[in-house]
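Commentary on secondary and tertiary structure
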Amino acid sequence: MTSSPALDLARLAALREALLAASFTADGCLDLLGPTGYAALARSEAVPALRATRGGTPLETLVRLFLLQQPVPYAAAEAALPVADCLADGWLAQDGGELRATVDIRPYANEVAGLDSADAWVVSDLGCAVGGAGGIGSGETAAGVARKDLVLGFGGASTTLANLTVRRPVRSVLDLGSGSGVQALHAARHAQQVTATDLNPRALHFTRLTLALSGFDHTEVLAGSLFEPVAGRKFDLIVSNPPFVISPGSRFVYRDGGMAGDELCRTVVRNAAAHLEPGGYCHLLANWQHVKGQDWHDRLAGWVAGTGLDAWVVQRQVQDVAEYAELWLRDGGDHRGPGSDYQARYGEWLDAFEAAEVEGIGFGWITLRAGGAADPAVRVEEWPHPVEQPLGPHIDAWFARQEFLRTHDDAALLAARYVLADEVVQEQVGAPGAEDPEHVILRHNRGMRRATKVDTVGAGFVGVCDGTLAAGEIVDAIAQLLGEDRVVLRDRVPESLRMLTEQGFIEPVTA
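Side note on the packing of helix H14 (residues 392-406) against helix H18 (residues 486-502)
- Relative to each other, H14 and H18 sit at 155°, their axes nearing to 9 Å. Taken together, H14 and H18 sit at an angle that is classed as roughly antiparallel. When H14 is examined against H18, the residues Trp398, Arg401, Gln402, Phe404 and Leu405 are found in contact with a partner set consisting of Arg498, Thr501 and Glu502.
- Of the residues contributing to the contact of H14 with H18, the split by class is three nonpolar, two polar and three charged.

Considering the pattern of salt bridges
- Taken as a whole and assessed by the stated rule, the structure comprises 26 salt bridges.
- The partner of Arg202 in a salt bridge is Asp125, with the nearest N and O atoms 2.5 Å apart. You can see Arg202 sitting in helix H9 (residues 201-213) and its partner Asp125 sitting in strand E5 (residues 119-125), a full 77 residues away along the chain.
- Its relative accessible area of 3% is what places Arg202 among the buried residues.
- The salt bridge partner of Asp331 is Arg255, with a shortest N-O separation of 2.8 Å. Of this pair, Asp331 sits in helix H12 (residues 321-331) while Arg255 sits in the loop between strand E9 (235-240) and helix H10 (263-272), placing them 76 residues apart in sequence.

A closer look at the nonpolar core
- In terms of nonpolar packing, the biggest core is built from 76 residues, with Tyr324, Ile366 and Leu368 touching the most fellow members.
- With seven residues, the single largest contributor to this core is strand E10 (residues 276-291).
- Beyond its immediate chain neighbours, meaning those up to four positions away, Ile366 contacts Val269, Cys282, His283, Leu284, Ala286, Trp288, Leu300, Trp303, Trp312 and Val313.
- Counting 37 residues, the second-largest nonpolar core is a separate cluster that includes Cys29, Leu65, Ala80 and Leu81.

Observations regarding the environment of Leu264
- One can find Leu264 in helix H10.
- Of the residues examined, Leu264 reaches a relative accessible area of 7% and is grouped as buried.
- In this structure, the C-alpha to C-alpha distance between Leu264 and Val419, residues 155 residues apart in sequence, is 42 Å.
- What Leu264 contacts, discounting residues up to four positions off in sequence, is Leu226, Pro242, Pro243, Gly257 and Met259.

Some words on the sheet that holds strand E14 (residues 417-420)
- Read from one edge of the open sheet, three strands run E18-E14-E19, paired in antiparallel fashion. Two strands close off the open sheet at either side, each with one partner strand: strand E18 (466-470) and strand E19 (506-508). Neighbouring strand axes in the sheet, compared pairwise and without regard to direction, differ in orientation by 30° on average.
- As paired elements, E14 and E19 share three bridges and run antiparallel to each other. Of the residues in E19, the one forming a bridge with Leu420 is Ile506.
- Contacting E14 and E19, H18 crosses the sheet at an angle of about 95° to E19.

Regarding the pairing of strand E16 (residues 439-444)
- Where strand E15 (residues 424-429) lies against E16, six bridges are found, and the strand directions are antiparallel. Among the inter-strand pairings, Val429 is bridged to a residue of E16, identified as His439.
- Hairpin connection from E16 to strand E17 (residues 451-454): six residues lie between these consecutive antiparallel strands, with Gly447 at a positive phi of about 60°.

Some details on the pairing of strand E8 (residues 219-223)
- The sheet contact formed by strand E7 (residues 191-198) and E8 spans five bridges and is parallel. Bridge pairing in E8 links Asp198 to Ala223.

As for the confidence of the model for the chain
- Mean pLDDT over the chain: 92, with 94% of residues reaching 70 or higher.
- Under a pLDDT of 50 for its full length, residues 130-135 has, in the predicted model, 14 contacts with residues more than four places off or in other chains.

Looking at unusual backbone geometry
- For the bond from Gln389 to Pro390, the omega torsion is 0°, close enough to zero to count as cis.
- One non-glycine residue, Glu357, lies in the positive phi region at around 55°.
- Overall, the relative accessible area of 45% leaves Glu357 in the partly exposed class.
- Backbone geometry at Glu423 places phi at a positive 60°, although glycine is not the residue there.

Rules behind the numbers
- Residues numbered from 1 in each chain as written.
- Predicted model: local features only at pLDDT ≥ 70, side-chain atom pairs only at ≥ 80, totals over all residues.
- Heavy atoms only, no water.
- Axes fitted to C-alpha atoms, helices over the stretch in contact; angles between N-to-C directions.
- Helix = DSSP H or I, 4+ residues; strand = E, 2+ residues; numbered from the N terminus.
- Parallel < 35°, antiparallel > 145°, perpendicular 65-115°, else oblique.
- Contact = heavy atoms within 4.5 Å.
- Nonpolar A, V, L, I, M, F, W, Y, C, P; charged D, E, K, R; others polar.
- Salt bridge = Lys/Arg side-chain N within 4 Å of Asp/Glu carboxyl O.
- Buried < 20%, exposed > 50% of the residue type's maximum accessible area, 1.4 Å probe, protein only.
- Core = buried A, V, L, I, M, F, W, Y, C linked by side-chain atoms within 4.5 Å.
- Pairing = 2+ DSSP bridges.
- pLDDT = per-residue confidence, 0-100.

The following block contains the structure:
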């Protein structure tokens, strides 16, 4: 493994105290840089932050060192850090009278996942705090680390996964493909034991650094591919931001899975059941192929078929093959090299997609749950619209509603009582001045923020379901009010009850 900072727990504790003393935290950096400079830094634009850090205070020095990768005077660094220990352990390097960082240390506001706020830091390779279209550069890094072994920090994908994850106290969590340890860092807040695995030994070392610098020690890291390091073991929660990029090769460990097409993500799904405790969740981000002549919904449902797991698959975006290739060629820095090399690599991607008859690539997330049902609930849908974050509590509630629906036949649905979910509003659509609306729309302002059209009966039902009357009693009253046959209406309403419950507009009242 190429060189990276040493893991000395006592010195890491001293480093953490220095960072806290200088307010090198998410809140402290926001206060220093202001919203504009902080947002620009998230876009990898450094000029506003450089202008805001010219005063030489310890916090300004740390921002320049670790976030902006700028050399700072030895004396300024000494006022902010235990410099001798940082040099000895490899956090800093000296060049004459100046010091520079060898890694990125980035304050992390880990309340994004719905947990209580606590100061934490993510350690990653320089220039790799946020991946994506900015690219990871070309050739070797300044520290001589091959690009294929680079360890990225947190970005949009890791934040999305953290927000999707169901958070509750658990015994054990597996972070599959830990990278710099972002998901393990979240899990350490609510799990008795966290296990992190990765194929890249350098990534495992960065995971150790992230967790130790943030003050967590109830973790283990294991080297190996996917579930191999934890054969025979089960967990209450599995989280994975895997190397899901569908590429014609395996150039970068952090993103390219080394399997054909979307096989890596399918493999994670297929093998998750063997490693989940009863009631356990598995959350992963994934890319999947849209193959000519195949319905993508059916392809993804096929991944889950036979596993015994409940599943909710959400496609957030689709790119055509050219756009997808361009995204990851930029990520790899190929757009900065010779034009002929770029064109050749671009052609390799298109050749691979053409050979596999791939017409597009879907981006999204997959949640699996070991519900133990003989007839697991599987929903595969496209949802490109804005959602509320963190979504984890709403995902947990969705799976609970599936359990309710599969254990209640039509008669039981009518016998149950329901309440209108929080922040559901009704909209009436029609011509101005019309006596009756053309449509009645229910709109949910929480979670997935769904909307659905309902008829007069549905609108009347949700308007009075406050948990005091059984659904059947409400239906009988509506039938009398509308002059309809109550038996006919009772036969018709359960289908609507299932839809409104499944999508979270109404919630069953349980003991």
